[in-house]
Amino acid sequence: MSRDFTEEKTLKYSFSRKQLAIPYCIFLILFVILPLLVVIFYAFTNDEGQVSFANFIAFFQSSKTVGTLVYSIVIAVVTTLICLLIAYPTAYILAKTGMRSGSALLLLFVLPMWINFTLRITALKEILTLIEGNLAFHPFFNTILCMVYDFLPFMIMPLYNTLTKLDDSYVEAAQDLGAKKSHVFLKVVLPLSVPGIVSGVTMVFLPSMTNYVVLDMVYNSTYIMGSLIGSYFSAYDWHNGSVISIILLLIICVITFISNRYAEGDDRQQGKVSVLK
Amino acid sequence: MFASAVSVKKAIKETMVRWPAWVWEEKELENKNDVLIELKHVKKVFEDGVTVIEDLSLEIKKGEFVTLLGPSGCGKTTILRMIGGFEKPTEGELLLNGKDISNLPPNERPINTVFQKYALFPHLNVYDNIAFGLKIKGVDKKTQDEKVKKVLEMVDLEGFEKRSISTLSGGQQQRIAIARAIVNEPEVLLLDESLSALDYKMRKEMQLELKEMHRKLGITFIFVTHDQEEALTMSDKVVVMSDGDIQQIGTPEDIYNEPKNLFVADFIGASNIFKGKMVGKKQVEFCGAVFECLDDYAVDTMIDAVVRPEDVEIVEAGKGRIQGEVISCDFKGIFYVTSVKTDKAEIEIHNLKSFQIGDKVGLDLQPDGIHIIPYDTSINHYDGEITSYEAGNGFEIAFEDFTLTVPARNVFADCVEKDGGLTDAKGQAIAWENVKVTMSFLPHDAILNDDADAGFVAGDIFNFIYKDDHYRYRIRSESEEDYIVNDADLWNVGDHVSVSVPVEKMKFEIQKA
């Protein structure tokens, strides 16, 4: 009797692991797939609802929009480069010089991430206003400064992680084979930290292409991709806004593809290390 | 004499023909006896204050295969890293060809290392790994190609140039690591536990190959291992280390047959260690019997007799000088390990016959199977100072680790306590203030206790050696003083224990100013 009862009970209430994925699937469909389909639909149709590439052609023919794309890329490239130049030595020193307070210092670099981003930029803005008087005189400089300030932790973290994992015996082996310090860095440390550089670049480059809030706050009136989408959508121009979203999506796809290839390389390399251990 | 010299020269010539000239450049084979590396009173203290090596001196000759052998943490790898240039000696000199190289960075030393985990660069293929050093030196591409090809042949991996490191097996990576080091034609090749990551069969194979490679290259090999079998198989010279100190330097045969002390006897190979004493000229008594031996020490000297398991003969019960009963007999492939319990001890024997548990047997030893190590009388000596005296209680003596309260008679044998004062037999007052005293006790008079407060000093068990019917423990206190204690019970390395000795068993000696 009791056995039948338990069997009945398990049948009634058991559900497989697959079923646990249902809420996630619903979420995915509602908030990722459907909106994406809507964006694609709007990007490839005109006001009459007919399929057309006119929106794309218009984007690449307008000097204003292409200019915005170029300006966004310039801002993103400059931000990323400066972040990399500051973050690499910082992460290297924190990870490799055997500083006892290394992780505490790292926390200091990462701590700003815990403070609301608008608040941080507002604070920086006030300081800049004190120094420069009128922020509008140096819009590009101010934008880059705020972007770097904002994204630096995202560059330091992956670099720090990669460099701490880098086995010192590689450095010693290179020295042993006759390499000077500069050689050790260029031929061993730098190539082995490429995965960290790639993931840091990915985490800084894309957001800085679209983060128009920073530009707004430092009164930089030049548009970047994010501001363009915002302005089209707030004017109910769904078609042009969607086109820019698709273009950004493509850029993201390309960069993710490249970095995934490096990330695979990273996995393999770690596989190697674990084989050796 | 002449014949052998000629044949050696012939062998060298033959090898030189077989191996390309660059392998032999400046390899001065005739000067094999020259000292190449010399460590003089080297001391190494790490940044965190831990002293790994106190005072170590060592000479390594040109062309030798030297093995640094010892348990983990004995400082052998630190020595290798100092020779390689990855650590600087805190004190002392490190000479290469007579020149001090202590401050020379690794890239400027004519020394290459095969690392424990090989440290092959994962972002480079086999060719680029091997050619790494050559490229840095600016060797032209053609020579690079030739040399890489030659060393790959030497390690039996022809045609592996384009392979990625991750596709290689452990043994292949090991070979590439060796190839990457020897392609630079170093004067010295350092190998840091390089075989420990390989499986048993592979390790055996590599041992022989390394030895062969050493013979062909003629350069100095310094090999670090904790595997005594590996050390005995491969080396010309073994340096047995323990606790940052050299215990013995010698050929593998010397180390095995003539261990200098109990540590070496116990660490190298299996051994039976018996407590005994000399009873006549080359006559020694242990296990309740008298044996002839080859070592000559004064009569009544307390000794430890080391007997290798393969040197014990099993004879019929009633014959032989030791009688016992077989308590276990295990098959080990080429021999049996038989344990025989006598009324005094348990004896391990390796031989080719198998026995039943419970068999009564007799045991015997030949003179050349007994190695005598005189009892180390310098152990368990501690210096202290008398700090106070209280009539009735006696002296309070302060040592580095502990303070003892001792009846005055134990220190000044013929003193008289009178009216709270202290006089000698003639009635003169004894000046005891700040007198320096040495306290000593014998290992078998001490008692171990797991209650840290039960004895006069506490510490951690650092190592132990099994002797016929007891274990000999070395206990190390926080201030790094060692206490040697014999105990019949089995404790573990790392156990925190206290040592107590009955006051009457402590021997006090007044140090002369």
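Residues numbered from 1 in each chain as written. Chains lettered and ligands numbered in written order. Predicted model: local features only at pLDDT ≥ 70, side-chain atom pairs only at ≥ 80, totals over all residues.

Participant: Sorry if this is basic, but what is going on with the overall build of chain A here?
Facilitator: From N to C terminus, chain A includes 14 helices and 0 strands. Listed N to C, the secondary structure of chain A is α-α-α-α-α-α-α-α-α-α-α-α-α-α in terms of helices and strands. Each of the 277 residues in chain A was classed as buried or not, and the buried ones make up 31%. Pairs at least 24 residues apart make up 73% of the contacts formed inside chain A by residues separated by at least 6 positions. (Helix = DSSP H or I, 4+ residues; strand = E, 2+ residues; numbered from the N terminus. Buried ≥ 20, exposed ≤ 12 C-beta atoms within 10 Å, placed from the backbone. Contact = placed C-beta atoms within 7 Å.)

Participant: Looking at this model, I keep getting lost on the sheet that holds strand β4 (residues 91-96) of chain B. Mind explaining?
Facilitator: Paired through their backbone hydrogen bonds, the strands of a sheet run either parallel or antiparallel. Residues and elements named next belong to chain B. Read from one edge of the open sheet, 4 strands run β2-β1-β4-β5, paired in antiparallel fashion. Of all the strands in the sheet, the pair left with one neighbour each is β2 (51-61) and β5 (99-100). Here 2 bridges tie β4 to β5, and the two strands are oriented antiparallel to one another. When the bridges of β5 are listed, L96 appears paired with K99. The sheet contacts of helix α3 (residues 76-84) involve β1 (35-45), β2 and β4, and relative to β1 the element is tilted by about 120°. (Pairing = 2+ DSSP bridges. Axes fitted to C-alpha atoms, helices over the stretch in contact; angles between N-to-C directions.)

Participant: What am I meant to see in the environment of K436(B) here?
Facilitator: Residues and elements named next belong to chain B. Within the secondary structure layout, K436 lies in strand β26 (residues 436-440). In the structure, K436 is positioned 53 residues away from D383 in sequence and 7.1 Å away in space, judged by C-alpha atoms. Not counting residues up to four positions away in its chain, the partners in contact with K436 are D383, E385 and Q511.

Participant: Any chance you could explain the confidence of the model for chain B here in plain terms?
Facilitator: Parts of the prediction with low pLDDT should not have their coordinates interpreted in detail. Residue and element names in this part refer to chain B. Confidence in the prediction for chain B averages 86 pLDDT; 93% of positions are at 70 or higher. Model confidence for chain B, summarised as mean pLDDT per element, is weakest for helix α2 (residues 21-24) at 48 and strongest for strand β3 (residues 65-69) at 95. Scored below 50 in pLDDT, residues 23-32 shows 12 contacts in the model against residues more than four places distant or in partner chains. For this predicted complex, the interface score ipTM comes out at 0.72, alongside a pTM of 0.73. (pLDDT = per-residue confidence, 0-100.)

Participant: Would you take a moment to explain unusual backbone geometry for this structure?
Facilitator: When glycine is set aside, most residues are seen to have a negative phi, and most peptide bonds are trans. All names here are of chain B. Look at E185: it is not a glycine, yet its phi comes out positive at around 50°. Positionally, E185 belongs in the loop between α6 (170-182) and β7 (188-192). Phi at K282 takes a positive value of approximately 55°, unusual for a residue other than glycine.

Participant: How should I be thinking about the interface of chain B and chain A in this particular structure?
Facilitator: Accessible area lost upon the coming together of the parts is a frequently used measure of interface size. The interface is formed by 21 residues belonging to chain B together with 21 residues belonging to chain A. Secondary structure elements with two or more residues in the side of chain B that touches chain A: β6 (111-114) and α4 (126-137) of chain B. With 4 residues, the top contributor of residues to the side of chain B that touches chain A is α4(B). Along the lines of polarity and charge, the residues of the side of chain B that touches chain A split into 11 nonpolar, 8 polar and 2 charged. (Nonpolar A, V, L, I, M, F, W, Y, C, P; charged D, E, K, R; others polar.)

Participant: In this structure, what is going on with the domain arrangement of chain A? I would like to understand it.
Facilitator: Residues and elements named next belong to chain A. Assigned domains of chain A: these are domain 1 (18-52) and domain 2 (63-276). Inter-centroid distance (C-alpha atoms) of domain 1 to domain 2 is 30 Å. Across the contact, 6 residues belong to domain 1 and 6 residues belong to domain 2. Here the residues of the side of domain 1 that touches domain 2 sort into 4 nonpolar, 2 polar and no charged. (Domains from an automatic or database assignment.)

Participant: In this structure, what is going on with the confidence of the model for chain A? I would like to understand it.
Facilitator: Residues and elements named next belong to chain A. Averaged over chain A, the pLDDT score is 83; the fraction of residues at 70 or greater is 88%. The secondary structure element of chain A with the lowest average pLDDT is helix α1 (residues 2-13), at 51, and the one with the highest is helix α9 (residues 168-176), at 93. The low-confidence segment residues 1-6 (pLDDT under 50) makes 0 contacts with residues lying over four places distant or belonging to another chain. Contacts from residues 266-277, a stretch scored under 50 in pLDDT, to residues over four places away or in other chains number 11 contacts.

Participant: Please clarify how the packing of helix α5 (residues 63-96) of chain A against helix α11 (residues 194-210) of chain A should be interpreted in this entry.
Facilitator: Each pair of packed helices gets described by two things: the angle between the helix axes and the distance between those axes. All names here are of chain A. Across the interface, α5 lies against α11 with an axial gap of 8 Å and an inter-helix angle of 145°. For the pair α5 and α11, the crossing hand works out as right-handed. Taken together, the residues of α11 that come into contact with α5 (itself represented by S72, I73, I75, A76, T79, T80, C83, L84 and A87) are I197, G200, V201, V204, F205, S208 and M209. (Left-handed = near helix turned anticlockwise from the far one by under 90°.)

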